[in-house]
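Structural overview for review
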Amino acid sequence: MARDTSRRDDYVRPIRRLLIGLLVVVLFGVFLLWRIDSPRVERLRANLVDQIVPNFEWAMAPVTATTNIVADFRSYRKIYEQNQELRRELRQMQAWKEAALQLEQKNAKLLDLNKVRLDPKLTFVTGVVLADSGSPFRQSVLLNIGARDGIQDGWATTDGLGLVGRISGVGDRTARVILLTDSNSRLPVTIQPSGQRALLAGDNSPTPLVEFLEDPDLVRPGDRVVSSGDGGVFPAGLLIGQVAQGPDRRLRVRLSADYERLEFLRVLRSRSVEVIDEPGHLIGPLPARPTAEITPPVEPADG
Amino acid sequence: MAEQTANRPFAFWALYAGLGVFVIFVQLLPLETEPRRWAAPDYMMCLAYAWVLRRPDAVPALLVATIVLLADFLFQRPPGLWAAFVVIGLEVLRSRAIFMRGGTFLLEWFTVIVVIGLVIVAHRLGLMLFLIEPAPLALDASLFLSTAFAYPVMVAASHYLFGVRKAAPGEYDPVEAR
């Protein structure tokens, strides 16, 4: 028996080693394939996520809800102070609301006088956050809406107030949102009162960096940051956040969206933007259109 | 006895796969959508290394590769690279398992820490080689530290909860099992 097993070891070992080698080669092959033909493998990934994660939904929703309730419960201790604070804020808000209403009426009147045509209202699809990226190296969330609901890659996502990210990767039932805080996220923005253009670059921290700013002297902490619509990435004018200065004196953006609680997200349906791609012609009378009267089609005479 | 030893690896395989799916599920829960400054330990790597030094038959390479590759795909990592290095580390430890059976825990821990460190460094180098921007150094460093410190916990949990214990010499050796 002992001899038997040792002889079996003799040929099992090399075969085993060969198989392990093969396995490692296959794994490296998957990685290489991903590096070479990223879109295809990413589509595979989206499909895989689409197949697997919605099956967890029944368990995910209650567990997430329970954990959040526990977190909420902890905050009950401070409820009195919070209440006072909220009252104060509410009073301020009422003053602001009054001001906003007056401004809105004034704005509507002025727009009417000027015959300005605004963007048609953006419509949106609301989705529930199913899962996050699962690792601290990537900042993204998974929504429970996908190609089935007409979601397309590149659409903007907000939490109702501020921009959260963009759709990147759509499965049939799920869609992934790359958050603005992800280190791969770059977004053209406008900084409001000065109208400076810049690029918002995520760096895996809660406050993304402002890069490629033309004149930093014109920008103050507290300025509003909105999407600029450059490059046709997003519709212009979506609220993103406020400029803040980090301890390293670099300008960052404090995001308006509540990243601590991403539960429901709105995916804005962007209509395809008309592109003007040819220069204008010389101004002159329009060339006469060839009409049927000028060149009547020659019809073969009926025999 | 012979029947038990023949059956038990399957139970361990199922347990490992189940724990893998559970860990993936928990990490996918959208509890923290803010960026974190530190990385949680890679539980599946830790668990596989802890088991392979105790019961080498409990964690076949194919099973570990499947689970880690699934995690690669679901966690938005470059698929395959991390899994490949984890499997290489697993096989290195497997070849050492026989020599470490009688050693102290400190020696084992040290060996595993070295292997984990090499796996993380190799993964980082692999990413750089293929011109993919690797994660911030602090994140990888915290991944290394947390995984290293999770290892004794995993060993204790495997020992007391899952019954993955170091086999006494000859307990499951097929030669002696007669």
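Preceding block: the structure.
Here is a short report on the structure shown in this document.

What counts as what
Residues numbered from 1 in each chain as written. Chains lettered and ligands numbered in written order. Predicted model: local features only at pLDDT ≥ 70, side-chain atom pairs only at ≥ 80, totals over all residues. Heavy atoms only, no water. Helix = DSSP H or I, 4+ residues; strand = E, 2+ residues; numbered from the N terminus. Buried < 20%, exposed > 50% of the residue type's maximum accessible area, 1.4 Å probe, protein only. Areas by Shrake-Rupley, 256 points an atom, 1.4 Å probe, with all protein chains shown as cover. Expected span 1.5 Å × (residues − 1). Bend = angle between axes of the 7 residues up to and from the residue. Patch = residues over 30% accessible without salt bridge, like charges linked within 9 Å, V, L, I, M, F, W, Y side chains within 5 Å. Salt bridge = Lys/Arg side-chain N within 4 Å of Asp/Glu carboxyl O. Contact = heavy atoms within 4.5 Å. Core = buried A, V, L, I, M, F, W, Y, C linked by side-chain atoms within 4.5 Å. Buried area = accessible area lost by both parts, 1.4 Å probe.

1. Considerations on the overall build of chain A
- When helices and strands are counted, chain A shows 4 helices and 12 strands.
- Here chain A, with 303 residues, has 33% of them falling under the buried criterion.
- A total of about 20800 Å² of accessible surface is found on chain A, and carbon and sulfur atoms cover 56% of it.

2. Concerning helix H4 (residues 81–100) of chain B
All names here are of chain B.
- Here H4 is 20 residues long and its end C-alpha atoms lie 28 Å apart, about the 28 Å a rise of 1.5 Å per residue gives.
- The largest bend in H4 is about 30°, located at Arg94.
- Burial analysis of H4 places 14 of its 20 residues in the buried class, which makes it a mostly covered element.

3. A closer look at a nonpolar patch on the surface
- A contiguous nonpolar surface patch, about 580 Å² in accessible area, is contributed by Tyr11(A), Val12(A), Ile15(A), Leu19(A), Leu22(A) and Val26(A).
- For Leu19(A), the position within the fold is in helix H1 (residues 2–36).

4. With respect to the environment of Leu29(B)
- With respect to the helices, strands and loops of the structure, Leu29(B) is situated in the loop between helix H1 (2–28) and helix H2 (43–52).
- Dropping the residues within four chain positions of it, Leu29(B) is found in contact with Met60(A), Val63(A), Thr64(A) and Asp132(A).

5. Things to note about the nonpolar core
- Counting residues in each nonpolar core, the largest one holds 60 residues, and the members touching the most others are Tyr16(B), Tyr49(B), Trp51(B) and Tyr151(B).
- Every element with two or more residues in this core is listed here: H1 of chain A together with H1, H2, helix H3 (61–74), H4, helix H5 (105–129) and helix H6 (137–162) of chain B.
- Sort the elements by how many residues they give to this core and H4(B) lands first, with 11 residues.
- Filtering out sequence-adjacent residues up to four positions away, Tyr49(B) remains in contact with Phe85(B), Val86(B), Gly89(B), Leu90(B), Leu93(B), Val112(B), Val115(B), Ile116(B), Val119(B) and Tyr151(B).
- Counting 37 residues, the second largest nonpolar core, distinct from the first, contains Val129(A), Ile145(A), Ile191(A) and Ala257(A).

6. Quick word on the interface of chain B and chain A
- Counting from both sides, the interface comprises 47 residues of chain B and, opposite them, 50 residues of chain A.
- Where chain B abuts chain A, roughly 4500 Å² becomes buried across the two surfaces, and 71% of that area is made up of carbon and sulfur atoms.
- Where chain B touches chain A, the interface holds 1 salt bridge.
- A salt bridge links Arg16(A) to Glu91(B), with the shortest nitrogen-to-oxygen separation between them at 3.0 Å.

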